[in-house]
Amino acid sequence: MDDVESADDDGGDGGPTRAVLERIVDPVVAVVDGTVTYANRAAREAFGISDDGPEATALEGWDRLAEAVEETAAGTARHVDLEGRWTGARIHRDAEGVTIRFEPDGENEQEDDDRALKERAIAEAPVGAVISDPDRADNPLIYVNETFERITGYDFDEIVGQNCRFLQGEETDEDAIDELRAGIEERRPVTVELKNYRADGTEFWNEVTVAPLRNDRGELTHFVGFQNDVTARKKAEIELERRTEELEYVLDRIEGLVQDVTAAVAGSTTRSELEAEVCERIVAEAAYDGAWIGERNPTMGGVDVRASAGETSTHDRVTADRSAPEAMATESVSVETVDGHTHATFSLSYNEIEYGVITVRMAEDRPVDDRETVILSALARTLASGINARETSRILETDAIVAVELELVDDAIAPIAVSTEADCRLEYRRSTHRGDGTASLFTVTGADADDVRRAAESLDDVDCRIVVDRDDECLVEFVGEDDPVTRLSDRGARVRSIECRDGRAGFELEVPQSGNVRSVVEALEDRYDGTSVLSVRQREIGDTRQEFVERLEDNLTDRQFAVLRRAYLGGYFEWPRPVTGEELAQSMDVSRPTFHEHLRTAEQKLCQAVFDEQSG
């Protein structure tokens with residue numbers, strides 16, 4: 001039987017297939033036209049088959065088998081029960097002939113069942129399984145299961161006889177290949193992840209585990225390999241790595257950009273300087289090639305560009321025509337694509353004060369994702385707060401102001417409501433910011449403290465407290481979140497006076513001449529009903545009250561200042577005097593002549609400061 005002997009050869013047609021059959025411990029024979037054309041080692045030993053190609057009748061139970069062969073259709077398989085040392089046989093028939101595998105009986109039944117179970121487990125395993133023969137040249141595959149065929153797209157006949165490297169390609173990692181090769185050479189288990197290629201050329205990630213198989217004497221006989229398609233997991237890992245790297249880059253960019261914008265907000269002295277620095281810093285980022293800041297034109301109704309940097313060829317169309325009005329109306333990002341570039345426009349507002357918009361042009365044709373929107377929105381808020389600080393500070397630095405007189409009749413303002421309910425007059429003193437809101441002090445005349453308390457009971461979200469109660473007047477503190485003084489202060493206006501009487505409040509304001517008086521008035525009109533402008537006029541101002549006091553203190557000696565303050569607080573300038581100069585001198589541990597000398601000098605300097613200020 002030349003075919004049988006060739007099964008032990010390394011070469012020849014069907015050599016690898018026969019090599020697999022030679023290692024099967026059950027008898028396996030091939031029969032064509034009643035002649036045994038192949039028998040594996042187990043069959044030759046069991047039936048004493050020679051090389052002459054014996055008749056199939058030499059096989060035990062052939063009569064029963066021949067009948068079953070006739071009943072088996074081509075392309076199907078059948079199990080046949082036998083008697084004797086073979087409990088049964090498995091017949092596989094095709095168009096050429098049949099292959100029969102005999103199932104032994106007797107003492108090794110359990111062992112045979114275990115072996116069959118293991119073979120079936122490998123054949124039906126949900127992962128690819130292969131066996132290679134290291135004794136043959138290039139360690140070829142001699143067995144693969146169906147899962148391996150399904151994963152790779154190759155048929156059994158295309159795989160067996162080849163080294164498993166046929167799955168590799170140009171993008172397979174050389175380091176992983178070297179690690180796998182080292183494990184095989186050192187005859188130890190090894191697991192790697194490789195980019196492999198299917199029969200149709202598509203890529204997939206293959207988790208490969210190779211382990212040596214040894215016989216009872218510890219000698220290496222084969223290698224077993226398992227392949228698991230981990231493409232989905234690997235793609236997820238790669239995407240996670242990509243997003244992590246992207247996030248790290250974004251965070252680094254955020255840190256630098258935010259720090260520099262914050263530094264510009266803190267270090268710039270004017271609004272124009274601040275806006276120019278922010279635009280320059282934004283275009284320094286590779287992601288952006290243009291940035292500009294616009295402000296609403298109250299006269300023309302459009303948007304005027306105040307500062308810009310980088311590529312600004314499309315800023316007029318984007319900012320003035322479409323994105324800016326939308327962003328200011330909604331106080332959210334407005335995205336527009338012009339000439340193939342994406343522009344993102346953000347509203348600049350602080351404490352409901354509108355300062356315009358900032359528009360950023362992307363350097364590439366790409367959308368603005370959510371993360372980038374959050375970054376630029378935060379920068380817009382930081383910029384708006386910086387502009388607010390510059391605008392509100394100008395009134396303290398300018399000699400030219402606009403004096404505005406307003407009248408409000410909205411009972412939502414606590415002092416107006418009290419003036420109506422208690423039929424009294426309230427005059428504004430000052431405001432302070434506290435944790436629970438803004439505290440505003442008013443002097444009340446024409447009503448006693450009890451009348452004020454009763455009138456304040458109907459106020460919502462406002463606390464009213466009597467601070468000082470005198471016979472003819474009282475000092476009242478109103479605490480609430482909604483306060484017109486704060487609303488005006490946030491817009492750069494200083495409240496000079498407020499007088500509330502008969503349900504009306506008269507406001508006197510000072511706004512920097514360079515400030516936007518219209519936005520100040522709109523802030524009250526939008527919030528309070530019945531707001532009307534009585535007068536608007538420009539004028540020059542001298543020293544502020546604080547500057548006047550500081551200049552006076554510089555002219556007085558410590559002793560002169562102390563004597564003047566003790567006399568004022570002690571009631572020395574009232575009539576009738578509740579205290580004498582001698583009593584005040586004793587309280588300060590000085591002589592009466594010394595006290596009067598310091599007091600006269602301090603009075604002279606005070607008069608000089610007042611009259612010089614008026615004459616200037």
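See above for the structure.
Remember, predicted model here, so these are calculated numbers, not experimental data.

1. Description of the pattern of salt bridges
Within the structure shown, the criterion is met by 34 salt bridges. For Arg281, the salt bridge is made with Asp260, and the minimal N-O distance between the two is 2.4 Å. One end of the pair, Arg281, is in helix α10 (residues 271-283); the other, Asp260, is in helix α9 (residues 231-267), and 21 residues separate them in sequence. Under the relative-accessibility criterion, Arg281 is labelled buried at 18%. Here Asp260 falls in the partly exposed class, since its relative accessible area comes to 36%. Between Arg537 and Glu405 there is a salt bridge, with the nearest N and O atoms lying 3.5 Å from each other.

2. What about the pairing of strand β15 (residues 353-362)?
Each regular strand displays side chains that alternate between the two surfaces of the sheet. Counted residue by residue, β15 has nine buried out of ten residues, so it is predominantly covered. Sheet analysis places strand β11 (residues 288-296) next to β15, joined by six bridges and oriented antiparallel. Residue pairing for β15: Ile293 is matched across the bridge by Ile358. The pairing of strand β14 (residues 341-350) with β15 spans eight bridges and is classified as antiparallel. Among the inter-strand pairings, Leu348 is bridged to a residue of β15, identified as Gly356.

3. Digging into the packing of aromatic side chains
The tally for this structure, following the rule as stated, stands at eight aromatic pairs. Judged by centre distance (5.7 Å) and plane angle (55°), the rings of Phe47 and Trp86 are tilted. Pair noted here: Phe47 is in helix α3 (residues 41-47) and Trp86 is in strand β4 (residues 86-93), with a separation of 39 residues, a long-range link. Among the residues examined, Phe47 registers a relative accessible area of 14% and is labelled buried.

4. Observations concerning the side chain of Asp410
Counting through the fold element by element, Asp410 comes out in the loop between β16 (400-408) and α13 (414-422). Nearest to the buried, unbridged Asp410 among oppositely charged side chains is Arg527, at 5.2 Å. A polar atom in the side chain of Asp410 sits 2.9 Å from the backbone nitrogen of Ala412. Only 2.9 Å separates the side chain of Asp410 from the backbone nitrogen of Asp529, close enough to count as a polar contact. Filtering out sequence-adjacent residues up to four positions away, Asp410 remains in contact with Ile416, Arg527, Tyr528 and Asp529.

Conventions we followed
Residues numbered from 1 in each chain as written. Predicted model: local features only at pLDDT ≥ 70, side-chain atom pairs only at ≥ 80, totals over all residues. Heavy atoms only, no water. Salt bridge = Lys/Arg side-chain N within 4 Å of Asp/Glu carboxyl O. Helix = DSSP H or I, 4+ residues; strand = E, 2+ residues; numbered from the N terminus. Buried < 20%, exposed > 50% of the residue type's maximum accessible area, 1.4 Å probe, protein only. Pairing = 2+ DSSP bridges. Phe/Tyr/Trp six-rings, centres within 6.5 Å; stacked < 30°, edge-to-face > 60°. Lys, Arg positive; Asp, Glu negative; His and termini not counted. Polar contact = N/O pair within 3.5 Å; in protein donor to acceptor, adjacent residues only side chain to side chain. Contact = heavy atoms within 4.5 Å.

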